[in-house]
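Tertiary structure, described
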Amino acid sequence: MMRLLTRRLSWLRAVRRTGHEVVCSSVRTLTSEGHKTWQDWRALGCKANIILMGSPGCGKTTISRILSHRLGRQCLDMDDHHLEPYWGTSVASKLREVGDKAFIEEEGKAVLNLTLPEGAVIALTGSNPLHARSMLKVTPSGVVVYLDVSEGAIIRRLNAMKVDRIVGQTSGASMAQLLAYRQHFYQRWYDLRVIVEDDETPDSIADKVSEAVDGFIHDEGFVSTRGGADDIPRSYVSFLQAVLQGLAPDGGLYVKSRHQPTFTLGQLRRLQDLDFKERSLRVLEKWIHPLDLRPQEIERMLYKSYKANVFTAPQVAPVRKLVDNHYTLELFHGPTASFKDAALQLMPHFFVKAMDTCSDVSKYVIVVATSGDTGGAVLDGFSRHAEGSRVGVVVLYPRQGISRIQHHQMTTMAGRNIKVIGVDGDFDFCQSMIKQVFSDAELATWMKEQLNCRLSAANSINWGRLLPQVLYHLSGYLDMVRMGHISLGDQVDWCVPTGNFGNILSAYYAKEMGIPVRRLICASNTNNVLTDFITKGVYVLSGKTVQRTASPSIDILRSSNLERLLFHLSAEDPSTVRTFYSTLHREGVAAAPTHVWEQIQEQFLAAFATEAECEDVMLSTFRATGYMLDPHTAVGRAAACHVGHPHVPTVISGTAHFAKFIDKILPFFRRGAAADGQNVVDLMEQAESLARLPSMHPQLAAMASKPPLHHHHLPASYPHITTAITDFAAHL
């Protein structure tokens, strides 16, 4: 067991040194064993040091003493227990003697001559992280916890303590400048971040550190919603394995095992003044184990995904006031003008990393069913961030079930690693084909043996796609606070136009993380099976067919992500999930257990909008504000008007830019106008003339003049679809 720890810590040392993963057989073996990784750390936790790092005055010494007393571990304060005895003088005296520049080197030499203990609580100095070689010695001995204390709190403490031993104090730089300069060095080394609330007590901080370290050691990773009872064993996978597989082998969906991460209101206050990427980093750090992705890797992925030439809004997902205490979270500023972009610019980075780390094959084909928006976002994200990585994408869409603009957008996408196929069936048929492909063991074996290839998914059944959607819900609430619409802690309703239940489920996770949401409002169009389920507790598919509407992206009857909610609300009982879905498959009708439905009633509201109501909401909102809703967002506002509380602020997910559905909208605003026969360039010009708010989407306008590159159509036939997939994989 000690040998395994040495190998793991050697890997962490190499990652810290280079900033990139070291790809070697030992690393690939360790990181592909999911559950075993957590077992290793659980068995070795008592040997690993807890290493506290942070700015001078953040409380490292005090917290280390509390933790060492609680845990019965040795306490090593680097200042008091090593540097001063080693030098035979105080730190302040040494700093005055050698000066700022030489002090860092002298301190580093002293640390390099330290014999590290095992199982201790070590409090680093504020300047230790500035010396790379000494940190490369210390940090692999345990878990590095960064005490993230606000700059204002640090300055107040240092002024009260009259500290005179900080490197750089004599340079003329302000304390704020010195602290800002050091943040880069702290960011480089930590495994876990503990966000410290302003005026938090040392005992409370120590509680958070203990909880974070315990989670690091005992994290079991991700489990299937259908495994772990009766004759199906519960197996655990890492975050990267969950991303790579997409769907669990037993047909279930992956979710994080047991406790989900949370923020206190005090911690959310610390996130309030950060930008979208900074907030997102702090959220993802809580969901992704650092042995899967170190925080520094996540940060690089975030900056590549949400940079200015990808998202046109600096805030990525800004909040805009509408009317009647209604607000919209604009999620359409990404390259394909859909909320899916926020996740699908980040997910390809996760997937490529997972493939490099966990894969037993040389290439992957991601197969996606789309009702319109997912397809374009997947194609853009993977062609932009994964081309050349031996990852290909096949998108299946219902030929008659998406808008003209959605169709043109997908079929004009360029990239050697993508393929777009129209299918003579509705979205539910396309989605059922995907599930059948994933459960086809014979196909999987043939593809691995003959093509050295596996299949995966990128729609919201894949955890790597769902998780990033949590980011904008949490960030949207904090922007409501920052803009003065609400005070921190005020409750809001969150209304989400819903088809596959993924976006509203990500809002549920944001609520579970601590965002004060009173009710989640599930908004449907006339394909209202979810409305009936939430209000009556019974899911009815029997006798229903998909109705085509002006909001095609939610023209869905089988909502895959509902499975995850049932799993959580049944106290993670996979037998409840299996029973529900086997009944639904067999009889076309299934009822939620009473205790599950009661919890749904406590947290969710639901309503649907007819086509006439959708049109009325678009027209009335435009007349009142000059703002054009897309049909899906209009469905959301109609539902909010039906069941929302008039005195509770309601945030409506603005899921797409209206121009993406101009062929559906035009007849509402210009009586007698018809989109049929008009080319996409003309439609975009009419969209630009129709409304000034929101402003025209530049990527949509540029897309309009591109020629179609994909002309593939298939009958509603499983053999035809699998042949197309395998042919594509063979030439990838």
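Here the structure is a predicted model, which is why all the values come from computation and not from measurement.

1. Some words on the overall build of the protein
Helices and strands together make up the secondary structure of the protein, namely 33 helices and 20 strands. Pairs at least 24 apart in sequence give 78% of the contacts found in the protein among residues at least 6 apart. Taken as a whole, the protein presents about 26600 Å² of accessible surface, with 50% of it coming from carbon and sulfur. Taking the average location of the 76 positive side-chain charges in the protein and that of its 74 negative ones, the two points are 4 Å from each other.

2. Quick look at the sheet that holds strand S4 (residues 142–148)
An order of S2-S3-S1-S4-S5 is seen for the five strands of this open sheet, with the pairing classed as parallel. The strands lining the two open edges of the sheet, one partner per strand, are strand S2 (75–77) and strand S5 (192–195). Strand-to-strand twist of the sheet, defined as the mean angle between neighbouring strand axes without regard to direction, takes the value 20°.

3. Here's the deal with the pattern of salt bridges
Counted under the stated rule, the structure contains 24 salt bridges. We note a salt bridge from Arg270 to Asp148, for which the minimum N-O separation is 2.9 Å. With Arg270 in helix H13 (residues 265–271) and Asp148 in strand S4, this residue pair connects regions lying 122 residues apart in the sequence. Exposure class is identical for Arg270 and Asp148. Each is buried. The salt bridge partner of Glu297 is Lys353, with a shortest N-O separation of 2.6 Å. Here Lys353 lies in helix H17 (residues 347–358) and Glu297 lies in helix H15 (residues 295–305), a separation of 56 residues in the sequence. The two residues Glu297 and Lys353 agree in class, both being buried.

4. Remarks on the pairing of strand S15 (residues 517–524)
One face of the sheet, then the other: side chains in a regular strand alternate in exactly this way. For S15, the tally of buried residues reaches six of eight residues, placing the bulk of the element in the interior. With five bridges joining them, strand S14 (residues 492–497) and S15 adopt parallel strand pairing. Its bridge partner lying in S15, Cys495 is registered against Ile521. Once you follow S14 into helix H23 (residues 502–513) and on to S15, the crossover reads as right-handed. Judged from the five bridges that link them, S15 and strand S18 (residues 604–608) form a sheet pairing that is parallel. Of the residues in S18, the one forming a bridge with Ala523 is Ala607.

5. Some words on the nonpolar core
Within soluble globular proteins, side chains that are nonpolar generally end up buried alongside one another. Counting residues in hydrophobic clusters, the biggest one holds 144 residues, and the most contacted among them are Phe239, Phe382 and Trp494. No other element matches the 11 residues that helix H22 (residues 463–482) contributes to this core. Phe382 has contacts with Met347, Pro348, Phe351, Ile366, Glu387, Val391, Val393, Asn417 and Ala458, leaving out every residue within four places of it along the chain. Counting residues in each nonpolar core, the second largest holds 43 residues, with Phe332, Ala640, Ala659 and Ala691 among its members.

6. Observations concerning the packing of aromatic side chains
For the coordinates displayed, the defined rule picks out 21 aromatic pairs. Each ring, one from Phe622 and one from Phe669, has its centre 5.5 Å from the other, and the planes form 85°; the classification is edge-to-face. With Phe622 in helix H28 (residues 611–625) and Phe669 in helix H30 (residues 662–669), this pair connects stretches of sequence that are 47 residues apart. Residue classification places Phe622 among the partly exposed positions, given a relative accessible area of 23%. By the ring-pair criterion, three or more aromatic residues cluster together here, those being Phe222, Phe239, Trp287, Phe350, Trp463, Phe501, Tyr508, Tyr509 and Phe604. Note that Lys286 overlies the ring of Phe263, its terminal NZ or CZ placed 4.9 Å from the centroid.

7. Points about helix H33 (residues 718–730)
Taking 1.5 Å of rise per residue, 13 residues should cover 18 Å, and H33 covers 18 Å from first to last C-alpha, within 8% of that figure. Those residues of H33 that fall on the buried side of the exposure criterion are Tyr718, Ile721, Thr722, Ala724, Ile725, Thr726, Phe728 and Ala729.

8. Details of the pairing of strand S10 (residues 363–369)
Most of S10 sits inside the fold, with seven of its seven residues counted as buried. Burial along S10 is two-sided: Lys363, Val365, Val367 and Ala369 facing one way and Tyr364, Ile366 and Val368 facing the other are all buried. For S10 and strand S11 (residues 391–398), the ladder comprises six bridges, and the chain directions are parallel. In the sheet register, Val365 faces S11, and the bridge partner there is Gly392. Assessed by its sense of winding, the connection that carries the chain from S10 through helix H18 (residues 373–385) to S11 is right-handed.

9. Quick look at helix H25 (residues 562–569)
With respect to burial, H25 is a largely interior element, eight of its eight residues being buried. Residues of H25 that are buried include every one of Leu562, Glu563, Arg564, Leu565, Leu566, Phe567, His568 and Leu569, and no others. At the C-terminal side of H25, Ala571 shows a positive phi close to 60°.

10. Observations concerning unusual backbone geometry
Cis rather than trans, the peptide bond between Leu693 and Pro694 has omega equal to -10°. Mapped onto the elements, Pro694 comes out in the loop between helix H31 (680–690) and helix H32 (698–703). The backbone phi angle of Ala337 is positive, close to 65°, even though this residue is not glycine. By the secondary structure assignment, Ala337 is in the loop between strand S9 (326–330) and helix H16 (340–344). Assessed through its relative accessible area of 0%, Ala337 is described here as buried.

11. Brief notes about the sheet that holds S11
Pairing between the strands of a sheet comes from backbone hydrogen bonds, and it takes one of two forms, parallel or antiparallel. The five strands are arranged S13-S10-S11-S12-S20 in an open sheet whose pairing can be described as parallel. Both outer strands of the open sheet, strand S13 (453–456) and strand S20 (712–714), are each paired with one neighbouring strand and no more. Neighbouring strand axes in the sheet, compared pairwise and without regard to direction, differ in orientation by 25° on average. As paired strands, strand S12 (residues 418–423) and S20 are joined by three bridges and run parallel to one another. The residue bridging Gly422 from the neighbouring strand is His713, located in S20. Against the sheet, H33 makes contact with S10, S11, S12, S13 and S20, and its axis sits at roughly 145° relative to S10, the strand it touches most.

12. Topic: the environment of Arg465
Mapping Arg465 onto the fold places it in helix H22. The exposure class of Arg465 is buried, given its relative accessible area of 2%. Expressed as a C-alpha distance, the spacing of Arg465 and Ala342, which sit 123 residues apart in the sequence, is 9.3 Å. If we ignore the near neighbours within four places in the chain, the residues touching Arg465 are Phe339, Lys340, Ala343, Leu344, Met347, Thr374, Ala458, Asn459 and Ser460. Polar side-chain contacts of Arg465 include one of 2.9 Å to the side chain of Gln469.

13. Focus: the packing of helix H19 (residues 404–411) against H31
Remark: H19 packs on H31, axes separated minimally by 11 Å, with the N-to-C direction vectors making an angle of 125°. With respect to H31, the element H19 is oriented oblique. The handedness of the crossing between H19 and H31 is left-handed. Contacts between H19 and H31 involve Arg404, Ile405 and His408 from the former and Val680, Leu683 and Met684 from the latter. Each residue belonging to the contact of H19 with H31 can be placed in one class, and the counts come to four nonpolar, one polar and one charged.

14. Quick look at the side chain of Asp428
Along the chain, Asp428 falls in helix H20 (residues 427–438). Buried within the structure, Asp428 lacks any salt-bridge partner; Arg558 is the closest side chain of opposite charge, at an N-O distance of 4.9 Å. Here Arg558 takes part through its backbone nitrogen, which lies 3.5 Å from a polar atom of the side chain of Asp428. Ignoring sequence-local partners within four residues, the contact set of Asp428 consists of Val546, Ile556, Leu557 and Arg558.

What counts as what
Residues numbered from 1 in each chain as written. Predicted model: local features only at pLDDT ≥ 70, side-chain atom pairs only at ≥ 80, totals over all residues. Heavy atoms only, no water. Helix = DSSP H or I, 4+ residues; strand = E, 2+ residues; numbered from the N terminus. Contact = heavy atoms within 4.5 Å. Areas by Shrake-Rupley, 256 points an atom, 1.4 Å probe, with all protein chains shown as cover. Lys, Arg positive; Asp, Glu negative; His and termini not counted. Charge placed at Lys NZ, Arg CZ, Asp CG, Glu CD. Pairing = 2+ DSSP bridges. Axes fitted to C-alpha atoms, helices over the stretch in contact; angles between N-to-C directions. Salt bridge = Lys/Arg side-chain N within 4 Å of Asp/Glu carboxyl O. Buried < 20%, exposed > 50% of the residue type's maximum accessible area, 1.4 Å probe, protein only. Right-handed = clockwise from strand over helix to strand, strands pointing away. Core = buried A, V, L, I, M, F, W, Y, C linked by side-chain atoms within 4.5 Å. Phe/Tyr/Trp six-rings, centres within 6.5 Å; stacked < 30°, edge-to-face > 60°. Lys NZ or Arg CZ within 6 Å of the ring centre and 35° of its normal. Expected span 1.5 Å × (residues − 1). Polar contact = N/O pair within 3.5 Å; in protein donor to acceptor, adjacent residues only side chain to side chain. Parallel < 35°, antiparallel > 145°, perpendicular 65-115°, else oblique. Left-handed = near helix turned anticlockwise from the far one by under 90°. Nonpolar A, V, L, I, M, F, W, Y, C, P; charged D, E, K, R; others polar.

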